[in-house]
Amino acid sequence: MGGALLRPASANATIKERTPLMSDSLFPRLTLFITGPIYVREEVRQAGLMPEFGHRDAENAKRFGPIMTNLKLLAGLDPDDPDWDVAIYNGSGSTAMESSIRSLVAADDKVLNVSVGAFGDLYHKMAKLNGKNAVQLKFDYGQAIDLAKLDAALAEHKPQVVTFTHNETSTGVTNDVKAVCEMIRKHGAMPLVDGVSLFGGADIQLKEAGPAMYATSTQKSLGLPAGFGIGFISKEAEAKAEKVEFRGHASDIINQLGRSRKSQTLTTPNCTLANQMYVQLDYIVNQETIAKRFARHEAMRGQVHDFVDGLDGFELFAPEGHRSPTLTTVLVPEGITFAQLKQVKEAMRAEGYLYDPGYGKLNTLLEEQNRRLVFRIGHMGDITPDMVDTYLGVLKKTLETTLG
Ligand SMILES: Cc1ncc(COP(=O)(O)O)c(C=O)c1O
């Protein structure tokens, strides 16, 4: 009798009735070639079905222990490196970035936010919105950080803290993280790095560059859904935070470190994502291997560069030596409008792909300035060279038919 009460005949029927909500016709399975969120491979999708767990229970450490070890390995660290901890924030890359601002910029500090695009601007916005004394050094879209100009800005502003973007997702430009950090250190300031769209796809040179904190997230080159910010936090950062007032609660790296040292999150984690992350990081480190993952990203960048070289009138937007291993931004021929690139997007959707017609604000600005527009190709995470090949074949035809 109890069984009948607990599991009424209608329970299964209810699930069946609800299944149409998950139908492919309502939510078509597009393969995402945008720059995050990204394509999620089947094993990772299935890992979302693993059991939920208590975040202060022994089950938690079974997931987050290996997750934290594997994150450190991916960052090129020894898992027992005494100088670095990794904190996992509920939220996203912005959450980890904002935490670095709130915890590491003191009331009487000046922070210099160096920007080569929309995400460099975001770090500046965060600093201002958190009431910090912030100044900005801005480079034109498509340019990397010019070390001589940075040198001059550091001499002029004498900041205690400097932020910059490792891999600028709006433009596809990668900055030389080691050289930029060295320049910042030369002036006695503390570098904070946004590595949201690079981590997991390339070596972030954490030890060699030595920023105080490096912020990233799950939904880009790690090949996972969004939901966690990730912060690599140095001992130097911890010591500085002790002296900064009003760090907030979840944005406080000291609070975060207290929990991360127990392989825990400070606030209730997304268990579904934690399960997926556990499975995915084990796959990356122990099955694909880190070296092969990074090599695959480089190979895919090469494929996309060859594709662009073969397209009449199209060019790579980012300068040589600063072209991202995880996404490529393509300069289109003069006269092509943003509206036309959005038509390409719809034509690609009909082919089963989500195409990226360029970062919205950037193309709007370029169009206003009568400059050539750009589109982007994300080649990060678990996309394979074969998938890139097929995608580029479809894209070539679509560009021809849509743009004429
Ligand atoms: C370079 C960079 N920084 C920061 C962010 C913001 O990250 P999130 O959306 O995870 O908060 C993004 C997102 O695309 C990004 O590409």
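Cut-offs and rules
Residues numbered from 1 in each chain as written. Predicted model: local features only at pLDDT ≥ 70, side-chain atom pairs only at ≥ 80, totals over all residues. Buried ≥ 20, exposed ≤ 12 C-beta atoms within 10 Å, placed from the backbone. Helix = DSSP H or I, 4+ residues; strand = E, 2+ residues; numbered from the N terminus. Arc of directions from axis to C-beta. Contact = placed C-beta atoms within 7 Å. Pairing = 2+ DSSP bridges. Near = placed C-beta within 6 Å. Nonpolar A, V, L, I, M, F, W, Y, C, P; charged D, E, K, R; others polar. Core = buried A, V, L, I, M, F, W, Y, C linked by C-beta atoms within 7 Å. Domains from an automatic or database assignment. Axes fitted to C-alpha atoms, helices over the stretch in contact; angles between N-to-C directions. Parallel < 35°, antiparallel > 145°, perpendicular 65-115°, else oblique. Left-handed = near helix turned anticlockwise from the far one by under 90°.

### Remarks on helix 11 (residues 253-260)
- When helix 11 is considered as a whole, its buried residues turn out to be Ile253, Gln256, Leu257 and Ser260. All buried residues of helix 11 lie within an arc of 100 degrees about the axis, which places them on one face of the element.
- Check the buried side of helix 11 and you find it contacts helix 4 (58-74), strand 2 (84-90), helix 5 (93-104), strand 10 (228-234) and helix 10 (235-241).

### Here we look at the sheet that holds strand 12 (residues 327-331)
- Here three strands make up an open sheet; going across it, the order is 11-12-14 and the pairing antiparallel. Of all strands in the sheet, those with a lone pairing partner are strand 11 (315-316) and strand 14 (374-378), marking the two edges.
- Across two bridges, the pairing between strand 11 and strand 12 is antiparallel. Within strand 12, the residue paired with Leu316 across the bridge is Val330.

### Here we look at the pairing of strand 2
- Of all seven residues in strand 2, six are buried, a share of seventy percent or more.
- Here strand 2 runs beside strand 10; their pairing, made up of seven bridges, is antiparallel. Looking at the pairing, Ile88 lines up with Ile230 of strand 10.

### Observations regarding the pairing of strand 14
- For strand 14, the tally of buried residues reaches five of five residues, placing the bulk of the element in the interior.
- With burial as the criterion, each face of strand 14 is covered, one bearing Val374, Arg376 and Gly378 and the other bearing Phe375 and Ile377.
- As defined by bridge partners, strand 12 adjoins strand 14 across five bridges and the pair is classed as antiparallel. Pairing of Thr329 across the sheet is with Arg376, part of strand 14.

### A short note on the site of the ligand
- Close contacts around the ligand come from Gly36, Ser92, Gly93, Ser94, Phe119, Leu122, Thr165, Thr169, Asp194, Val196, Ser197 and Ser217, and that covers them all.
- Looking at side-chain class alone, the shell around the ligand contains three nonpolar, eight polar and one charged residues.

### Observations concerning the nonpolar core
- The biggest cluster of nonpolar side chains holds 108 residues, and the ones touching the most others in it are Leu104 and Met213.
- Considering each element in turn, this core owes the most residues, six residues, to helix 12 (residues 271-288).
- Both domains that furnish three or more residues to this core are identified here as domain 1 (31-37 + 289-403) and domain 2 (44-286).
- The residues contacting Leu104, other than those within four sequence positions of it, are Val161, Met190, Leu192, Ala212, Met213, Ala237, Lys240, Ala241 and Val244.

### Description of the sheet that holds strand 2
- Ordered in space as 2-10-9-8-5-3-4, the seven strands form an open sheet in which the pairing is mixed. If you trace the sheet from one side to the other, it starts and ends with strand 2 and strand 4 (134-138), each paired once. On average, adjacent strands in this sheet sit at an angle of 20 degrees to one another, irrespective of strand direction.
- Of the pairings in the sheet, the one linking strand 3 (residues 111-115) to strand 4 comprises five bridges and is parallel in character.

### Some thoughts on the domain arrangement of the protein
- Segmenting the protein into domains produces domain 1 (31-37 + 289-403) and domain 2 (44-286).
- Spacing between the C-alpha centres of domain 1 and domain 2 amounts to 26 Å.
- Across the boundary between the two partners, domain 1 contributes 25 residues, which contact 29 residues of domain 2.
- Listed by contribution, the elements that provide at least two residues to the side of domain 1 that touches domain 2 are helix 13 (290-309), strand 12 and helix 15 (360-368).
- Here the element with the most residues in the side of domain 1 that touches domain 2 is helix 13; it accounts for four residues.
- Class assignment for the residues of the side of domain 1 that touches domain 2 results in 11 nonpolar, nine polar and five charged.

### So, the environment of Ser94
- Structurally, Ser94 is set in helix 5.
- For the pair Ser94 and Val196, spaced 102 residues apart in the sequence, the C-alpha separation amounts to 8.7 Å.

### Some details on the packing of helix 4 against helix 12
- Running from amino to carboxyl end, helix 4 crosses helix 12 at an angle of 45 degrees, the nearest separation of the two axes being 9 Å. With respect to each other, helix 4 and helix 12 are oriented oblique. For helix 4 against helix 12, the interelement crossing comes out left-handed. Along the contact surface, helix 4 presents Arg63, Phe64, Pro66, Ile67, Asn70, Leu71, Leu73 and Leu74, while helix 12 presents Ala274, Asn275, Met277, Tyr278, Leu281, Asp282, Ile284 and Val285.
- Grouping the amino acids of the contact of helix 4 with helix 12 by side-chain chemistry returns 12 nonpolar, two polar and two charged.

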